[in-house]
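For reference, the chains in residue letters:
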Amino acid sequence: MISTFNLSKLNSLLQDFYRITGLRITVFDDAFRELTAYPEQIAPCCRIIRADKTAAAQCARCDAHACEMAAKSRSAYTYRCHAGLTESIAPLTLGNIVIGYLFFGHVFSYPSYETGWKNVREKCASYHIDENALKASCLASPLISEDYIASVSHIMQAVASYLCLERMAIVQRKELPARIDEYISAHFTEEMNVTDLCRRFQIGKTYLYEISDQNYGCGIAEHIRTLRIEKAKTLLAEHPEWKISKTASACGFSDYNYFITVFKRLTGMSPGKYRNARRQDSRYISAPSSLP
């Protein structure tokens, strides 16, 4: 998908992030192509590691896997890369579509330089790189605590949300995945199936599945069922006086028994038990405190 980013505003925001955290931050599009970063240069240790072609290829695979994990969780994903450095990535989303990523990384996060260098050295032992230069760059890096990384990761996730809310990152709605997502989000409670969607958007089932798997991490039918069950959970909480069959129908389930089966599978309980549990929770929250 092609995304349009306001790079001027992005660069200003990235500079602020760096001034506050001291960590390099990068913006990637949905295909994980780098759009902009601050500072522009990657960390010295990474430049040394990527001088080896095998290591550079491993960096790309590691980044791609991290993107997949962040896209599936729809939240920041922090991990230690193949070379032993800590990184974190957060997805930029618009609706249910991932349109890009924010990334900070190449952080030396260990309890001591001795422990950190030992681990980095072991992980990079098979690469043809200047070991002395790599050691010097690692020892010159600041030791960053796990708590600090967690806090910066939370800030980065907030920045990602801000970017999308402010439309500093805007997906072009003419793109097919976005148009499909927009249609499903507006009509998932209506009668809908894969054949209907393929006919509407003039595409084959295989291509539709590829789009669904890439953007939702599952098949299109499963995504629609998930949206319907989330809607059912909301209605069960907001309208406890409704019959279960009415809730099922309002969410797009014409078969009552099928609705019960799917609801149990996705939530672990029946709609009736879920409604009762939510009712008890609301009573507990609204009950007056006995404390003076």
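Residues numbered from 1 in each chain as written. Predicted model: local features only at pLDDT ≥ 70, side-chain atom pairs only at ≥ 80, totals over all residues. Heavy atoms only, no water.

Observations concerning the pairing of strand β4 (residues 77-80)
Spelled out, the test is: At least two DSSP bridges between two strands are needed for those strands to be called paired. Helical segments are the DSSP runs of H or I of at least four residues, strand segments are the runs of E of at least two, and each set is numbered from the N terminus.
Both β4 and strand β5 (residues 86-94) contribute to a ladder of 4 bridges, which runs antiparallel. The partner of threonine 78 across the bridge, within β5, is serine 88. Linking β4 to β5, which pair antiparallel, is a turn of 5 residues; within it glycine 84 sits at a positive phi near 95°.

A short note on the packing of aromatic side chains
Aromatic ring pairs are reported here in terms of the distance separating the ring centres and the angle at which the planes meet. Note the cut-off: Two aromatic rings from Phe, Tyr or Trp, using only the six-membered ring of Trp, form a pair when their centres are within 6.5 Å; if the ring planes differ by under 30 degrees the pair is stacked, by over 60 it is edge-to-face, and anything between is tilted. Here, over-ring charges are defined by two tests on the NZ atom of lysine or the CZ atom of arginine: distance to the ring centre within 6 Å, and angle to the ring normal within 35 degrees.
Counted under the stated rule, the structure contains 13 aromatic pairs. Aromatic rings pair up to connect Phe253, Tyr258, Phe259, Phe263 and Tyr274 into one cluster. Over the ring of phenylalanine 253 we find arginine 228; its NZ or CZ atom is 5.8 Å from the centre of that ring.

Details of the pattern of salt bridges
What counts here: The term salt bridge refers to a side-chain nitrogen of Lys or Arg lying within 4 Å of a carboxyl oxygen of Asp or Glu. Between buried and exposed lies partly exposed: a residue is buried under 20% and exposed over 50% of the maximum accessible area for its type, with that area taken using a 1.4 Å probe on protein chains only.
One pass over the structure, following the stated rule, counts 5 salt bridges. We note a salt bridge from glutamate 131 to arginine 121, for which the minimum N-O separation is 3.2 Å. Separated by 10 residues along the polypeptide, glutamate 131 in helix α5 (residues 131-140) and arginine 121 in helix α4 (residues 113-123) bring together distant segments of the chain. A relative accessible area of 38% places glutamate 131 in the partly exposed class.

Focus: helix α3 (residues 53-73)
Which entries qualify depends on this criterion: In this scheme, a helix's expected span is set at 1.5 Å multiplied by one less than its residue total. By the criterion applied in these results, polar contacts are pairs of N or O atoms within 3.5 Å in which, for protein atoms, one can donate a hydrogen and the other can accept it, and in which residues neighboring in sequence qualify only through two side-chain atoms.
Compared with an ideal rise of 1.5 Å per residue, which puts 21 residues at 30 Å, α3 spans 31 Å between its outermost C-alpha atoms and is within 8% of the ideal. Here α3 has its buried residues at Ala55, Cys59, Cys62, Asp63, Ala66, Cys67, Ala70 and Ala71. Residue aspartate 52 occupies the N-cap position of α3, its side-chain oxygen lying 3.0 Å from the main-chain nitrogen of threonine 54. Phi turns positive one or two residues past the end of α3, at arginine 74, with a value near 60°.

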